[in-house]
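A look at the structure
Single-letter residue listing:
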Amino acid sequence: MENKSIVSIANYTKEKMQYLLDMATEFEAKPNRRLLEGKVVATLFFEPSTRTRLSFETAANRLGARVIGFSDPKATSSSKGETLKDTIKMVSNYADVIVMRHYLEGAAQYASEVTHVPIINAGDGSNLHPSQTMLDLYSIYKTQGTLENLNIYMVGDLKYGRTIHSLLMSMKKYNPTFTFIAPKELEMPEEYKIYCKENGIKYTERQDFDEDTLTDCDILYMTRVQRERFSDLMEYERVKDAYILRANMLGKAKPNMKILHPLPRVNEIEYDVDDSPHAYYFQQAQNGLYAREALICDVLGITLEDIKKYGK
Ligand code: CP
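All of these numbers come straight from a predicted model, not from anything done at the bench. (Residues numbered from 1 in each chain as written. Predicted model: local features only at pLDDT ≥ 70, side-chain atom pairs only at ≥ 80, totals over all residues. Heavy atoms only, no water.)

Right, let's talk about the pairing of strand β8 (residues 219–222) for a bit. The two faces of β8 match: I219 and Y221 on one face and L220 and M222 on the other face are all buried. The pairing of strand β5 (residues 151–155) with β8 spans four bridges and is classified as parallel. The residue bridging V155 from the neighbouring strand is M222, located in β8. Two strands pair when backbone bridges link them, and β8 and strand β9 (residues 258–260) are joined in this way by three bridges, in the parallel orientation. For I219, the partnering residue across the bridge sits in β9 and is K258. (Buried < 20%, exposed > 50% of the residue type's maximum accessible area, 1.4 Å probe, protein only. Helix = DSSP H or I, 4+ residues; strand = E, 2+ residues; numbered from the N terminus. Pairing = 2+ DSSP bridges.)

What follows is the structure in structure tokens.
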């Protein structure tokens, strides 16, 4: 049987993306559909998480599956030296799908190569975070009515932000125009700028961030400076407050402009922004449930037709 692991969704066709968006729309209308009764979903989190793990587990529960797993690798035999390969092979004996977050770039790809059980990448180091991208695309689609021809501003930690890298790659087929705003130390890595050039993706880089910066923005994607990725904490201290969004910076924003953030936030969005009609980050996190129900179903061979038929 074909292994349907989701390591990246960057190369999904527009048709495949629309299919998954339609699945998520179905789940938003009715999240509880026990399509996975008898299935076991494993969630292996080698790095901390609130939203990704809990929304995947909620998705599995709402689909009628059972959940096993861990959120603290110190409580597992990996702390005794068990390799990732052996851990994955063991869990493959128990579960029908494995959702895994790992601190090493490439860990999800590696895991997918040592098992027949589908792996869903829940974040691998500063590399990719495809299920976050799925919910980001769903959030953009819901709020803008389209994924095409949008001005997307990415602000903050563009070096380590895996949600940024995943989103950038997945938007390539929708003719986006990106604006990258980051301190010099955290600017978009060269490999992603090369990716943009090779794929005809328009982008500019700028350093200013005020009311006048945001006038043509459709999606303002804020990110946290990722303290855990710095080896030099002095450098983190120097850059952590470089870009802070405040409510008084939104006066000239387009009516449709929405602020996204993968969360958690630290201090890059002031609390006074939360009451703005432009703030969308909490709804974005909620959309994660529907997007992840869609992804789990897809890797387990449940179709959009099956979802629509459920309960009829
Ligand atoms: N967005 C995201 O990945 O959040 P968590 O780290 O809480 O899972």
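Within the open sheet, the four strands sit side by side as β2-β1-β3-β4. Their pairing is parallel. Single-partner strands in this sheet number two, and they are β2 (66–70) and β4 (119–124). On average, each strand axis in the sheet is tilted by 15° relative to the strand beside it, whichever way the strands run. Relative to β4, strand β3 (residues 97–102) runs parallel, the two sharing four bridges. Bridging across to β4, V99 finds its partner in I120. (Axes fitted to C-alpha atoms, helices over the stretch in contact; angles between N-to-C directions.)

This part takes up unusual backbone geometry. Both trends apply: most residues other than glycine have a negative phi, and most peptide bonds are in trans. The omega angle of the peptide bond from L263 to P264 is 5°, so this bond is cis rather than trans. One non-glycine residue, N175, lies in positive phi territory at about 50°. By the element assignment, N175 lies in the loop between α6 (162–170) and β6 (177–181). For N175, a relative accessible area of 38% gives the class partly exposed.

A few words now on the pairing of β4. The buried fraction of β4 is high, at six of six residues. Crossover handedness for the path β3 to helix α4 (residues 107–113) to β4: right-handed. (Right-handed = clockwise from strand over helix to strand, strands pointing away.)

Surveying the vicinity of the ligand reveals the residues S49, T50, R51, T52, R101, H129, Q132, P262 and L263. Between R51 and the ligand, the recorded distance is 2.9 Å, taken from a side-chain N or O atom to an oxygen atom. The separation between a nitrogen atom of the ligand and a polar main-chain atom of L263 is 3.1 Å. In isolation the ligand offers 260 Å² of accessible surface; the protein chains occlude 91% of this area. Residue classes in the shell around the ligand are distributed as two nonpolar, five polar and two charged. (Near = heavy atom within 4 Å. Polar contact = N/O pair within 3.5 Å; in protein donor to acceptor, adjacent residues only side chain to side chain. Areas by Shrake-Rupley, 256 points an atom, 1.4 Å probe, with all protein chains shown as cover. Nonpolar A, V, L, I, M, F, W, Y, C, P; charged D, E, K, R; others polar.)

A word on the environment of K159. As for its position among the elements, K159 is in the loop between β5 and α6. On a C-alpha basis, the gap between K159 and Y192 in space is 9.7 Å, while along the polypeptide they are 33 residues apart. Contact partners of K159, with chain neighbours within four places excluded, come to H165, E185, L186, E187 and P189. (Contact = heavy atoms within 4.5 Å.)

This part covers the sheet that holds strand β7 (residues 202–206). The parallel open sheet is built from five strands, whose spatial order is β7-β6-β5-β8-β9. Looking along the sheet, the strands with just one partner apiece sit at the ends: β7 and β9. Taking each pair of neighbouring strands and ignoring which way they run, the sheet shows an average axis angle of 20°.

Along the chain, the position of L20 falls in helix α1 (residues 14–29). According to the relative accessible area criterion, L20 is buried, its value standing at 0%. With 273 residues separating them in the primary sequence, L20 and E293 have C-alpha atoms 9.8 Å apart. Setting aside residues no more than four positions away along its own chain, L20 makes contact with Y12, M134, A294, L295 and D298.

Under the counting rule described, the total for this entry stands at zero disulfides. C196 supplies the cysteine sulfur nearest to C217, a cysteine that is in no disulfide, at a spacing of 16 Å. Note on C217: relative accessible area 0%, which makes it buried. (Disulfide = S-S within 2.5 Å.)

The next subject is α1. Between its terminal C-alpha atoms α1 stretches 23 Å, which fits the 22 Å expected from 16 residues at 1.5 Å a residue. The complete set of buried residues in α1 reads M17, L20, L21, M23, A24 and F27. Each buried residue of α1 sits inside an arc of 155° when the element is viewed along its axis, so together they form one side. Away from its buried face by more than 90 degrees, α1 exposes E15 and A29. Contacts made by the buried residues of α1 are with α5 (130–144), α9 (281–299) and α10 (304–309). (Expected span 1.5 Å × (residues − 1). Arc of directions from axis to C-beta.)

This is a description of form; function is not addressed.
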